[in-house]
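Single-letter residue listing:
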Amino acid sequence: MKLVVVSAGLSVPSSTRLLADRLAKATAARVPAEVEVVELRDLAVEIAHNFTNGFPGRALAAAIGAVTEADGLIVVTPVFSASYSGLFKSFFDVLEQGVLAGKPVLIAATGGSARHSLVLEHALRPLFAHLRAVVVPTGVYAASEDWGAEGLAERIERAAGELAGLMTGLMSGVSAVGPARAAQPQAGAEVSADGSAAAPAEGSVPRPRETVAQSATAGRGSRTDGFQVVPFEQQLAALRTR
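As a convention, each chain's residues are numbered from 1 in the sequence order in which they are written. In keeping with the predicted nature of the model, local features appear solely for residues at pLDDT of at least 70, side-chain atom pairs appear and are counted solely at 80 or more, and the whole-chain, interface and lining totals rest on all residues. Side-chain figures throughout are based on the complete set of non-hydrogen atoms in the structure, without hydrogens or water.

**Description of the pattern of salt bridges**
Quick note on the threshold: Between Lys or Arg on one side and Asp or Glu on the other, a salt bridge is scored when a side-chain nitrogen of the former is within 4 Å of a carboxyl oxygen of the latter. Note on classification: 1.4 Å probe, protein chains only; a residue is buried when its accessible area is under 20% of the maximum for its type, exposed when over 50%, partly exposed between these limits.
Throughout the structure, instances matching the rule amount to 10 salt bridges. Glu39 is paired through a salt bridge with Arg41; the nearest N and O atoms lie 3.8 Å apart. Accessibility expressed as a relative area gives 13% for Glu39, which makes it buried. Under the relative-accessibility criterion, Arg41 is labelled partly exposed at 28%. Across the salt bridge formed by Asp42 and Arg41, the nearest N and O atoms sit 3.8 Å from each other. With relative accessibility at 56%, the residue Asp42 sits in the exposed group. Overlapping salt bridges bring together Arg17, Asp21, Glu39, Arg41 and Asp42 as one network.

And the structure:
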């Protein structure tokens, strides 16, 4: 399995990269996965050129390929103007449509104040829902005062567990493809006591489905599920005689 981390931090060292690394470590501890980190800071020029000429550079193409082939994503952005950074959004703008469809994604962000924590719900979650990714329920926001404080480690562990669960579930769903479905009985075929289709008796003619349906309802009279069924003509005639 492959876990790709997309970090949009700009400074060195970066709190955004620090949060990304902690999330990746917690996820990799739960599911065996190869971790690859994509630093968007190093791709800024190639992302800009891709918008003007329509072709990704070598490094950007490698990053796009990693995201496309990933079994799970961790995306972390600093908060700029109460939203994700322009560099972060630009990277996901150059991806082809449908690349993230059905892919598990853990969203996270860093900022200088806890007041921007709703960026996860107001900006990041709608973005990846639009890209048809499967976003884990728990997003992680880390303000400056959260580092070393209680609560951040628990949120990281909870979000990592949710991402690992999605990744494991998707992979087990792919590997658990069972044998081909049993052939459905053809119209007119008899069904044995064990549920398997039995060959029609010699000389018998398979009945069309309409005939079978009619015979199944035959003999019920004018009652269905305890209700009296009165033909419309009969009801109309009763009204006219009143």
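Still more to cover.
**Topic: the nonpolar core**
The condition that has to hold: As used here, the term nonpolar core means buried Ala, Val, Leu, Ile, Met, Phe, Trp, Tyr and Cys residues forming a set that is joined through side-chain atoms within 4.5 Å. The secondary structure listing takes helices from DSSP runs of H or I that are at least 4 residues long and strands from runs of E that are at least 2 residues long, numbered from the N terminus. What makes two residues a contact is simply this: any of their non-hydrogen atoms within 4.5 Å.
Ranked by internal contacts, the top residues of the largest apolar core, which has 38 residues, are Phe88, Phe91 and Phe128. Elements with a minimum of two residues in this core: β1 (2-7), α3 (58-69), β3 (72-80), α4 (86-93), β5 (104-111), α5 (119-130) and β7 (140-143). Here this core gets six residues from one element, more than from any other, and that element is α5. Dropping the residues within four chain positions of it, Phe88 is found in contact with Ala8, Leu40, Val75, Val76, Thr77, Leu124, Leu127 and Phe128.

**Examining the pairing of β7**
Spelled out, the test is: At least two bridges found by DSSP between two strands is the condition for calling them paired.
Alternating positions in β7 separate into two faces, Val140 and Ala142 on one and Tyr141 and Ala143 on the other, with burial throughout. Alignment of β5 against β7, held across four bridges, turns out to be parallel. The residue bridging Ala108 from the neighbouring strand is Val140, located in β7.

**Things to note about unusual backbone geometry**
The step from Val12 to Pro13 runs through a cis peptide bond, and the omega angle for that step is -5°. Inspection of the secondary structure puts Pro13 in the loop between β1 and α1 (15-28). Although it is not a glycine, Ser81 sits at a positive phi angle of roughly 55°. Position of Ser81 among the secondary structure elements: in the loop between β3 and β4 (83-84). Given the relative accessible area of 76%, Ser81 is considered exposed.

**Observations concerning the environment of Ser85**
On the secondary structure map, Ser85 appears in the loop between β4 and α4. C-alpha separation for the pair Ser85 and Leu10, spaced 75 residues apart in sequence, amounts to 9.9 Å. Leaving out residues up to four positions away in the same chain, Ser85 has contacts with Ala8, Thr77, Pro78 and Phe80.

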